[in-house]
Amino acid sequence: MVEIIKTIPAALWVGFAVLVYLTMRRALLPQLGRLTNVKTPGIELSFAEKMMDEAAVQQGEGVQPPASDKRAAISRLDHAAELMAGGRILWVDDNPEWNEPLIRLFRQVGMTVDAVRSTSEALASLRQRSYDLVMTDMVRHTEQPAETAGLTLIDAMERQSVELPIIMLTATFDPRRVIHPRLFASTNRIDELVQYVIDVMERIRFGAVSKRSSAVTAAPAQTRARV
């Protein structure tokens, strides 16, 4: 009898909990459903890995980043998601579909990415909208000379006093061709491109570069471009 008496309080609590659940379940279940859909700030890591893998394949052979470097770029992007949000990229490439995985990745962290196919389209976009940085390829068959279209864009921006940071992504990296005093960085690797975009946005957010202005410096190009 003593043991039975000891179990009575626990049984009463269980019964009370069941009674509360039965009484309030119609109100509680929708709220529980909402809680399961809550996502933490940042990016979905599996999505980021997939986008970087697809981007590396699109860029061709010789640009597959080591797994450790890819994870480092994804981890940094996840931590930098808040400062990336609201950033604006103008991406100039005659094959924008090749960049679609990275465009989706940057949009995942809240950035706006506008894709154009030529220098003339890029200059028109720069007159119409403000951007934080410009990304370009080197070779574009939408204009002449095709082999140095990326440099044509940089020179045209310089003539029009558009002094935004410029990052060049080129499948065939030749430092004799892609080094330019107005380049922020140039690379043929997807993970490095992500790192450079974060670098630019950190400088903007922390005041080293005035947001969407002409305050970019030319010095980083010589030190940050990698073979």
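Rules used in this analysis
Residues numbered from 1 in each chain as written. Predicted model: local features only at pLDDT ≥ 70, side-chain atom pairs only at ≥ 80, totals over all residues. Heavy atoms only, no water. Helix = DSSP H or I, 4+ residues; strand = E, 2+ residues; numbered from the N terminus. Buried < 20%, exposed > 50% of the residue type's maximum accessible area, 1.4 Å probe, protein only. Contact = heavy atoms within 4.5 Å. Areas by Shrake-Rupley, 256 points an atom, 1.4 Å probe, with all protein chains shown as cover. Salt bridge = Lys/Arg side-chain N within 4 Å of Asp/Glu carboxyl O. 1 Å grid on protein atoms, 1.4 Å probe; cavity = no way out; pocket = protein on both sides within 12 Å on 5 of 7 lines; lining within 4 Å. Points joined across faces, edges and corners; volume = space filled by probe spheres on them. Nonpolar A, V, L, I, M, F, W, Y, C, P; charged D, E, K, R; others polar. Right-handed = clockwise from strand over helix to strand, strands pointing away. Pairing = 2+ DSSP bridges. Arc of directions from axis to C-beta. Axes fitted to C-alpha atoms, helices over the stretch in contact; angles between N-to-C directions. Core = buried A, V, L, I, M, F, W, Y, C linked by side-chain atoms within 4.5 Å.

K.L.:
In this structure, what is going on with the overall build of the protein chain? I would like to understand it.
P.N.:
Scanning the protein chain for helices and strands turns up ten helices and five strands. Counting the 227 residues in the protein chain, one finds 44% classified as buried. By sequence separation, contacts in the protein chain at least 24 residues apart represent 68% of the contacts at least 6 residues apart. With an accessible surface of roughly 12400 Å², the protein chain has 57% of that area assigned to carbon and sulfur atoms.

K.L.:
Just to check I follow, could you spell out helix H5 (residues 100-108) for this structure?
P.N.:
Each α-helix winds once per 3.6 residues, and so residues spaced three or four apart point in a common direction. Of the residues making up H5, those classed as buried are Pro101, Leu102, Ile103, Leu105 and Phe106. One or two steps after H5, the chain reaches glycine 110, where phi turns positive at roughly 95 degrees.

K.L.:
It is not clear to me how the pattern of salt bridges should be interpreted in this structure. Could you clarify?
P.N.:
When the charged atoms of two side chains lie near each other, side chains of opposite charge can form a pair. Within this structure, the stated rule accounts for nine salt bridges. In this structure, aspartate 114 engages arginine 129 in a salt bridge whose closest nitrogen and oxygen atoms are separated by 2.8 Å. Here the residue aspartate 114 occupies a position in strand E2 (residues 112-116), and arginine 129 occupies one in the loop between helix H6 (119-128) and strand E3 (133-136), the gap between them amounting to 15 residues. Classification of aspartate 114 by relative accessible area gives buried; the value is 16%. Linking arginine 140 and glutamate 143 is a salt bridge whose minimum nitrogen-to-oxygen distance equals 3.0 Å. For glutamate 143, a relative accessible area of 13% puts it in the buried group. One continuous salt-bridge network, built from bridges that share partners, spans Asp69, Arg189 and Asp191.

K.L.:
For this particular structure, what's the right way to read the layout of surface pockets?
P.N.:
In this structure, the largest pocket encloses a volume near 250 Å³. The wall of the largest pocket is formed by 16 residues, among which Gln59, Trp98, Asp137, Val139 and Ala171 lie closest to the centre. In terms of residue class, the lining of the largest pocket is built from six nonpolar, seven polar and three charged.

K.L.:
Mind showing me how you'd approach the pairing of strand E1 (residues 88-92) here?
P.N.:
Each regular strand carries side chains that alternate between the two faces of the sheet. Burial runs high along E1: five of the five residues are buried. What joins E1 to E2 is H5, and the crossover it makes is right-handed. Inspection of the sheet shows E1 paired to E3 by four bridges, in the parallel sense. Looking at the pairing, tryptophan 91 lines up with methionine 135 of E3.

K.L.:
Can you walk me through H6 in this structure?
P.N.:
What H6 keeps buried is the set Thr119, Ala122, Leu123, Ser125 and Leu126. What you see down the axis of H6 is that its buried residues fit within an arc of 160 degrees, all on one side. Exposed positions of H6 whose direction lies more than 90 degrees from the buried face are Ser120, Arg127 and Gln128. Those residues of H6 hidden inside the fold are in contact with E1, E2, E3 and helix H7 (149-159).

K.L.:
Would you explain the sheet that holds E2 in this entry?
P.N.:
In sheet architecture, strand pairing relies on hydrogen bonds along the backbone and comes in two forms, parallel and antiparallel. Strand order in this open sheet of five strands is E2-E1-E3-E4-E5, and the pairing throughout is parallel. Two strands in the sheet have a free side with no partner beyond their single neighbour: E2 and strand E5 (185-187). Neighbour-to-neighbour, the strand axes of the sheet open up by a mean angle of 20 degrees, direction not taken into account. One ladder, built from five bridges, connects E1 with E2; its direction is parallel. Paired with arginine 88 across the strands is threonine 112, a residue of E2. This element, H6, spans E1, E2 and E3 of the sheet and lies at about 160 degrees to E1.

K.L.:
I would appreciate a short explanation of the nonpolar core in the present structure.
P.N.:
Generally speaking, nonpolar side chains in soluble globular proteins are found buried as a group. Among the nonpolar cores identified, the biggest contains 37 residues, and Met84, Phe106 and Val197 are the most heavily contacted of them. Of all the secondary structure elements, the ones that give two or more residues to this core are helix H2 (45-59), helix H3 (67-79), helix H4 (81-84), E1, H5, E3, strand E4 (166-169) and helix H9 (190-205). Of all the elements, H9 adds the most residues to this core, at nine residues. Excluding residues within four positions of it along the chain, valine 197 makes contact with Met84, Ile89, Phe106, Met111, Leu133, Met135 and Ile167. Listed in part, the 19 residues of the second largest apolar core include Ala122, Leu126, Val162 and Ile166.

Fair warning: the whole summary comes from geometry, so function is off the table for now.
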